[in-house]
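Architecture at a glance
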Amino acid sequence: AIAEAFAGALVHDVSHMDLDPAGDLAGIASRRALDDLLARGEERRRAGESDRLRAVLCLKNEGEPGVMLHAMMAVSHSTRLADLIFRPTQDSLVVLMKDADAATGAVVLQRIAASLPADIVPPPFEASPLRLGLACGPADGEQWSDLLSAAQQRAGRSTPAAKPALANAPASAQGGLPWTA
């Protein structure tokens, strides 16, 4: 009886979570913060910042809003403390990972899949509502924006014509990134 009451309270709390992308979620920054960081990062890179390993992970939710809550928790539990997590839209996350290579990214992807509840089919299975894309420098690009673009393309998949893939969305005026609201 106690376990049932506790489980009911958890379901109640999750059902009242506000998934507004403008809302403040602990540890997850907004689209504006991502765009600002990318712009500053490109300036530093042009100013002679030494080449270091870096990776970008993109997550796109094509399922119910409740799936995104579980995805955010899985990403938060699966990434390193130094990784920066952003939520540019209500149904996507971006993780910037300094000093990360393809092997590091693969471990993070595996941890995310393992951290999801049993009732959510994990990526990379086609039946999964979540799409993950990983891009690593320098193989996929030298700049954060190059890596972001490559990761978005990898996270995309064919979708119905009424809902274009994130990578094919028109560029916004804010930072020229292809985020849709």
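All values reported here derive from a predicted model rather than from experimental measurement. (Residues numbered from 1 in each chain as written. Predicted model: local features only at pLDDT ≥ 70, side-chain atom pairs only at ≥ 80, totals over all residues. Heavy atoms only, no water.)

Here we come to the overall build of the protein chain. Looking only at helices and strands, the protein chain features 5 helices and 5 strands. From first element to last, N terminus to C terminus, the protein chain shows the α and β order α-β-α-β-α-β-β-α-β-α. For the protein chain, the residues scored as buried account for 39% of the 181 residues in total. Of the contacts formed within the protein chain by residues at least 6 apart in sequence, a portion of 66% connects residues at least 24 apart. A total of about 9,900 Å² of accessible surface is found on the protein chain, and carbon and sulfur atoms cover 58% of it. (Helix = DSSP H or I, 4+ residues; strand = E, 2+ residues; numbered from the N terminus. Buried < 20%, exposed > 50% of the residue type's maximum accessible area, 1.4 Å probe, protein only. Contact = heavy atoms within 4.5 Å. Areas by Shrake-Rupley, 256 points an atom, 1.4 Å probe, with all protein chains shown as cover.)

What follows deals with the nonpolar core. Grouped together as the largest cluster of nonpolar side chains are 23 residues, with contacts concentrated most on Leu-57, Leu-59, Val-75, Leu-93, Met-97 and Ile-112. Breaking this core down by element, the ones donating at least two residues are β2 (54-61), α3 (65-78), β4 (92-98), α4 (102-115) and β5 (130-137). With 7 residues, the top contributor of residues to this core is α3. Filtering out sequence-adjacent residues up to four positions away, Val-75 remains in contact with Leu-59, Ile-85, Leu-93, Val-95 and Ile-112. Counting residues in hydrophobic clusters, the runner-up holds 12 residues, among them Cys-58, Leu-96, Leu-148 and Ala-150. (Core = buried A, V, L, I, M, F, W, Y, C linked by side-chain atoms within 4.5 Å.)

One turn of the α-helix equals 3.6 residues, which is why residues spaced by three or four share an orientation. Over its 12 residues, helix α5 (residues 144-155) extends 16 Å from the first C-alpha to the last, a length consistent with the 16 Å expected when each residue adds 1.5 Å. Looking only at α5, the buried set comprises Trp-144, Leu-147, Leu-148, Ala-150, Ala-151, Gln-152 and Ala-155. (Expected span 1.5 Å × (residues − 1).)

This model, assessed by the stated rule, comprises 4 salt bridges. Note that Asp-83 and Arg-80 form a salt bridge whose closest N and O atoms lie 2.7 Å from each other. The salt bridge involving Asp-140 is made with Arg-154; its shortest N-O contact spans 2.8 Å. With Asp-140 in the loop between β5 and α5 and Arg-154 in helix α5, the pair connects residues that are 14 residues apart, well separated along the chain. What makes Asp-140 partly exposed here is its relative accessible area of 25%. Here Arg-154 falls in the partly exposed class, since its relative accessible area comes to 43%. (Salt bridge = Lys/Arg side-chain N within 4 Å of Asp/Glu carboxyl O.)

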